[in-house]
Amino acid sequence: MDTKRESRIAWWSAIALLRSMVSSPRAAAQTLQTRSAAAVAASPEEADRLGAPLTSDASDSDVMEGLDVAPGAETDGAKARLAQLAERAAKLEGPDEDLKLAALVKHLKALIREGYNPIVFCRYIPTAEYVAEHLDGKLGKKTVIRHVTGTLSPQQRLQRIEELADESASAPRVLVATDCLSEGVNLQHHFDAVVHYDLAWNPTRHDQREGRVDRYGQKRDVVKVITLYGNDNGIDGKVLEVLIKKHRQIRKDLGISVSVPDAASTGVTDAIVEWLLMRKQRPDQEALFELEELDRKAETLEAEWNSAAERERTSRSRFAQRSIHPEEVAREAAAIRDTLGRSDEVQHFVRNALDALDGVIRENGIPGDFTADISGTPTGLRDAVAPVIGGELGRPIPFRTTAAVARGEAALVRTDPVVGALAGFVLNTALETEGRRPARRCGVIRTDAVQTRTTLLLVRYRFHLTLPSRSGEKQIVAEDARLLAFQGSPAAAVWLAPEEALGLVDATADANTDPVFGERTMTRVLDGLPAVAGQLSEYGKQLEAELEDSHRRVRSASGEIVRGLDVTVQEPADILGVYVYLPAGGVA
């Protein structure tokens, strides 16, 4: 018999049982009746690989998907005894026997009385189902309670949240969820309080849970957070003392979170479990040794954590002092705003696009705000907006200049899902040949804005970036769209300054253009575009140098690695749009 292998299987089974028992009676019962994932391991190393994921709390959200199932503890030779324990665990269900559940009911009632809509985070699927089942009917007749776990697909999770919001439009709502919702789902429009029903063994998990609610767009000034823990179960108290409280103190001191060093954190939780398991089985002297080992690992973790916090503090102080001059910050910020689009440009785009697509816009008396009825717009646009608006399309959509919008409203910012859906529809239809198309890839107008024939090009540049870091190089591709303009024919082009090219966007038609003449003019310009390839390439090299210089400035000021940084423009550039402006008073 491989004693070490058996020992590691027993270790992971014990951790699984401890975590499930602390979570809920139902999770404990299921763990006791489920075979340990590590039991099939052929070696100690394989036992660790199979047992760790289901019992630990990784800070990487990508590895959490599918790991909210209750772990197994059953091993060969213990089935009958574990089945008896499972029956005893099942008898503890309900607030009369389960004091943790009773405490949750008490706290949720208080939150609901204050007008909050809380989300309750649990570690395991059986716990979430158990909590939702026993909350039903105990929080008031009007309160709507639903649960979301990893048993649902990502799309079904979103659908259930929207259904909950619909059902509780004028009533309190409570969502019980596992960590399948702690990353990648924005909950700030539907919830404004967080309850940690189960303590995570990695405090970063708490940040991720709270970050789904306490984020940009949350209408509450204060998001309430409640953390439940057991005073008498041993493990919760140590995790809270060594990990959670330390994490919160660092966040309070710095104003931001510093991730827990994973290796040191795992060492601490292992020591906590070992101390808890062995303290009643070993003589006092050996138990004291285990406690000293726990203290030693906690000190190691604290030292590494403090070191990481100090590096973060030093990094932040660089920006607070004179390493970066205000004019340099302003330069980078202005460049970003020019690239992404300013708020007034977003508002202008939304209004013009909706108007061109037969949306009915009405002012509502608040400067900048308006409502838009899109019931008469193309089906494609309505289909694109419906999944992201979180409300019925049968009524007008309120557009707000503030980012803190309610469900069924849209914010006039480029990152709002409704604005994104509208922009996507406009872009996609511009590439089609039929149907309603508010934007076109080419066009000819006569305008008083020019005195000679002027051509505006919408050009897309791609850049390959090599970004060095202490953990290795990262390869990314970046895109940038620019407006370039020239007077005359492509073969004898006189190029305009960037600000002059940008000014052409606001030019309007002041005279009619004969369709046949316009088509011939556009054909000549398109046929001559190869002549401007050299200028487009030269401008791409200029953007390449500017982008690399920008990266070097920011990296140097923030203490990041500069050596190895490389930016390369990918040629040829793509011409996405061609627009010809002719003088209104004559033939160019």
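Going by the structure above, here's the rest.
Residues numbered from 1 in each chain as written. Predicted model: local features only at pLDDT ≥ 70, side-chain atom pairs only at ≥ 80, totals over all residues. Heavy atoms only, no water.

Participant: Looking at this structure, how should I read helix α6 (residues 125-135)?
Facilitator: Most of α6 sits out of view: nine of its eleven residues are buried. Looking one or two residues beyond α6, the residue adopting positive phi is Gly-137, at roughly 90 degrees. (Buried < 20%, exposed > 50% of the residue type's maximum accessible area, 1.4 Å probe, protein only. Helix = DSSP H or I, 4+ residues; strand = E, 2+ residues; numbered from the N terminus.)

Participant: I tried to follow the sheet that holds strand β13 (residues 494-495) on my own but got confused; where do I start?
Facilitator: The strands that make up a sheet are held in pairs by hydrogen bonds between backbone atoms, and each pair lies either parallel or antiparallel. Taken in spatial order, the five strands line up as β10-β14-β11-β12-β13 in an open sheet, and their pairing is mixed. One side of each edge strand has no neighbouring strand; the edge strands of this open sheet are β10 (442-447) and β13. Contacting β10, β11 (454-467) and β14 (566-583), helix α17 (residues 515-528) crosses the sheet at an angle of about 155 degrees to β14. Strand contacts of helix α18 (residues 533-558): β11, β12 (474-487), β13 and β14, with the helix running at about 45 degrees to β11, the strand carrying the most contacts. (Pairing = 2+ DSSP bridges. Contact = heavy atoms within 4.5 Å. Axes fitted to C-alpha atoms, helices over the stretch in contact; angles between N-to-C directions.)

Participant: Looking at this structure, I do not really get the packing of helix α5 (residues 99-113) against α6. What am I missing?
Facilitator: The description of two helices packed together rests on the angle between their axes and the distance between the axes. One way to put it is that α5 packs onto α6 with a least axis distance of 11 Å and a crossing angle of 60 degrees. As far as their axial angle goes, α6 and α5 are oblique. Between α5 and α6 the crossing geometry is right-handed. Contacts between α5 and α6 involve Leu-101, Leu-104, Val-105 and Leu-108 from the first element and Tyr-130, Val-131, His-134 and Leu-135 from the second. When grouped by side-chain class, the residues that make up the contact of α5 with α6 number seven nonpolar, one polar and no charged. (Parallel < 35°, antiparallel > 145°, perpendicular 65-115°, else oblique. Left-handed = near helix turned anticlockwise from the far one by under 90°. Nonpolar A, V, L, I, M, F, W, Y, C, P; charged D, E, K, R; others polar.)

Participant: Looking at this structure, how should I read α5?
Facilitator: Count 3.6 residues to each turn of an α-helix, and residues three or four apart come out pointing the same way. With 15 residues, α5 ought to run about 21 Å at 1.5 Å a step, and its terminal C-alpha atoms sit 21 Å apart, in line with that. When we look at burial in α5, the residues that qualify are Lys-100, Leu-101, Leu-104, Val-105, Leu-108, Leu-111 and Ile-112. For α5, the arc enclosing every buried residue in end-on projection is 140 degrees, short of the 170-degree limit, so these residues lie on one face. With respect to the buried face of α5, the exposed residues turned more than 90 degrees away are Leu-99, Lys-106 and Arg-113. The positive-phi residue at the C-terminal boundary of α5 is Gly-115, with phi of around 90 degrees. (Expected span 1.5 Å × (residues − 1). Arc of directions from axis to C-beta.)

Participant: Looking at this model, I keep getting lost on the pairing of β14. Mind explaining?
Facilitator: On any regular strand, side chains alternate: one points to one face of the sheet, the next to the other face. Two strands pair when backbone bridges link them, and β10 and β14 are joined in this way by six bridges, in the parallel orientation. Among the inter-strand pairings, Arg-446 is bridged to a residue of β14, identified as Leu-582. Two strands pair when backbone bridges link them, and β11 and β14 are joined in this way by twelve bridges, in the antiparallel orientation. Paired with Thr-455 across the two strands is Val-580, which belongs to β14.

Participant: For this particular structure, what's the right way to read the environment of Gly-585?
Facilitator: Along the chain, the position of Gly-585 falls in the segment after β14. What makes Gly-585 exposed here is its relative accessible area of 83%. Put simply, Gly-585 and Arg-446 are 139 residues apart on the chain and 8.1 Å apart in space, counted from C-alpha to C-alpha.

Participant: What is the right way to look at the packing of aromatic side chains in this model?
Facilitator: The relation between two aromatic rings is expressed through the spacing of the ring centres and the mutual angle of the planes. In total, this model carries three aromatic pairs according to the counting rule given. Considering the side-chain rings of Tyr-461 and Tyr-539, the 6.1 Å spacing of their centres and the 55 degrees angle between planes classify their relative orientation as tilted. One end of the pair, Tyr-461, is in strand β11; the other, Tyr-539, is in helix α18, and 78 residues separate them in sequence. Here the basic side chain of Lys-100 rests over the ring of Tyr-197, its NZ or CZ set 4.2 Å away from the ring centre. Here the basic side chain of Arg-220 rests over the ring of Tyr-116, its NZ or CZ set 3.8 Å away from the ring centre. (Phe/Tyr/Trp six-rings, centres within 6.5 Å; stacked < 30°, edge-to-face > 60°. Lys NZ or Arg CZ within 6 Å of the ring centre and 35° of its normal.)

Participant: I keep staring at the environment of Val-222 and nothing clicks. Help me out?
Facilitator: Relative to the helices and strands, Val-222 is located in the loop between α8 (203-211) and β5 (224-227). Taking relative accessible area as the criterion, Val-222 reaches 52% and is therefore assigned exposed. Spatially, the C-alpha atom of Val-222 lies 8.7 Å from that of Ala-193, the residues being 29 residues apart in sequence.

Participant: How do you make sense of the pairing of β12 when you look at a structure like this?
Facilitator: Examined bridge by bridge, β11 and β12 share 14 bridges and lie antiparallel to one another. Bridge pairing links Leu-465 to Ile-476 in β12. Counting the residues in the hairpin turn of β11 and β12 gives six residues, including Gly-472, whose phi is positive at 125 degrees. As paired elements, β12 and β13 share two bridges and run antiparallel to each other. Counterpart to Gln-487 in the pairing with β13 is Val-494. Connecting β12 to the next strand, β13, in antiparallel fashion are six residues, including Gly-488 with a positive phi near 85 degrees.

The quantities given are spatial measurements derived from coordinates; they are silent on function.
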